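Commentary on secondary and tertiary structure
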Amino acid sequence: MRSPTGKVGPGVEGPAPFRASWRVKLLFGAVAMFLAIVCGEVLIRLIAPQPASWLDIYVRHPGLETYAIQPNAHRVVESGETRWEVDTDEAGFRVTTPGPVDRKGVLVLGDSFTFGNGVNGKDSFVGLLNENRVLGSSYLNAGVPGYGPIQQRQVLELRPLPFVGEGRLVRD
């Protein structure tokens, strides 16, 4: 500051330095962090784009407040670490090869382990049962990744199953 006479000198205080409060520093740091994350995300997406997701195989379940597997689908899934194929029949159940399915046998309900995430249909739990004809039966893979016992029960209660079975095997 200037003295009343307009002179600057000893004993006369200058302007007070700006000192940001901790709130301003915190806000500035948060905004800088957000911008850095957004810029990093954009840069990564431009430099190393990911392949299209296979999640388009999921559809809204026609009668429940959940999702289901798309009927009559064929997808090749390449995650960068694995490559596997998914084939489904007209009911949305996973099959080892496209085409007609034997509807006599055992319906196998379950989650991603039963469905066989990460492996071809023939290498899934149900595919191995079919390959070895365990107990002389055929097995139908009705596993849906993410389903639990509640969704499995709802599916069974919702509609009559499109096959004549010897029994039901529920694995979860």
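It should be noted that the structure appears before, not after, this text.
Quick summary incoming for the structure in this document. All values derive from a computational prediction rather than experimental measurement. Position numbers for residues start from 1 in each chain and track the written sequence from start to end. Whole-chain, interface and lining totals are the exception, using all residues; otherwise, since this is a predicted model, local features are given only for residues with pLDDT of at least 70 and side-chain atom pairs are given and counted only at 80 or more. Excluding hydrogens and water, the side-chain values take into account all heavy atoms of the structure.

1. Details of the nonpolar core
- Residues grouped as a nonpolar core are buried Ala, Val, Leu, Ile, Met, Phe, Trp, Tyr and Cys residues, joined through side-chain atoms within 4.5 Å. Only protein chains enter the calculation, and the probe is 1.4 Å; a residue is then buried if its accessible area is under 20% of its type maximum, exposed if over 50%, and partly exposed in between. With 12 residues, the main nonpolar core is built from Ile57, Leu64, Ala68, Ile69, Ala73, Val77, Trp84, Val86, Phe115, Val144, Tyr147 and Val155.
- Put simply, the parts of the chain that give this core at least two residues each are strand S2 (67-69) and strand S4 (83-88).
- Counting residues in each nonpolar core, the second largest holds 6 residues, with Phe93, Leu107, Leu109 and Ala142 among its members. Here a helix means four or more residues in a row that DSSP labels H or I, a strand means two or more in a row labelled E, and each is numbered from the N terminus.

2. Considerations on the pattern of salt bridges
- Any Lys or Arg side-chain nitrogen located within 4 Å of an Asp or Glu carboxyl oxygen qualifies as a salt bridge. Here the structure, examined in full by the defined rule, presents 6 salt bridges.
- Between Glu41 and Arg45 there is a salt bridge, with its nearest N and O atoms 2.6 Å apart. With Glu41 and Arg45 both in helix H1 (residues 22-47) and 4 residues apart, this pair spans about one turn of that helix.
- What makes Glu41 partly exposed here is its relative accessible area of 38%.

3. Some details on the side chain of Arg94
- Mapped onto the elements, Arg94 comes out in strand S5 (residues 94-95).
- The charge count treats Lys and Arg as positive and Asp and Glu as negative. His and the chain ends do not count. Although Arg94 is buried, it makes no salt bridge; Asp87 carries the closest opposite charge, 6.9 Å away.
- Two N or O atoms count as a polar contact when they lie within 3.5 Å, although within protein this holds only if one can serve as hydrogen donor and the other as acceptor, and sequence-adjacent residues are included solely when both atoms are side-chain atoms. A polar side-chain atom of Arg94 sits 2.9 Å from the main-chain carbonyl oxygen of Gly116.
- For Arg94, the residues in contact, after removing those within four places along its chain, are Trp84, Glu85, Val86, Asp87, Thr88, Phe115, Gly116, Asn117, Val119, Asn120, Gly121 and Asn141. Any two residues whose heavy atoms approach within 4.5 Å at even a single point are treated as in contact.

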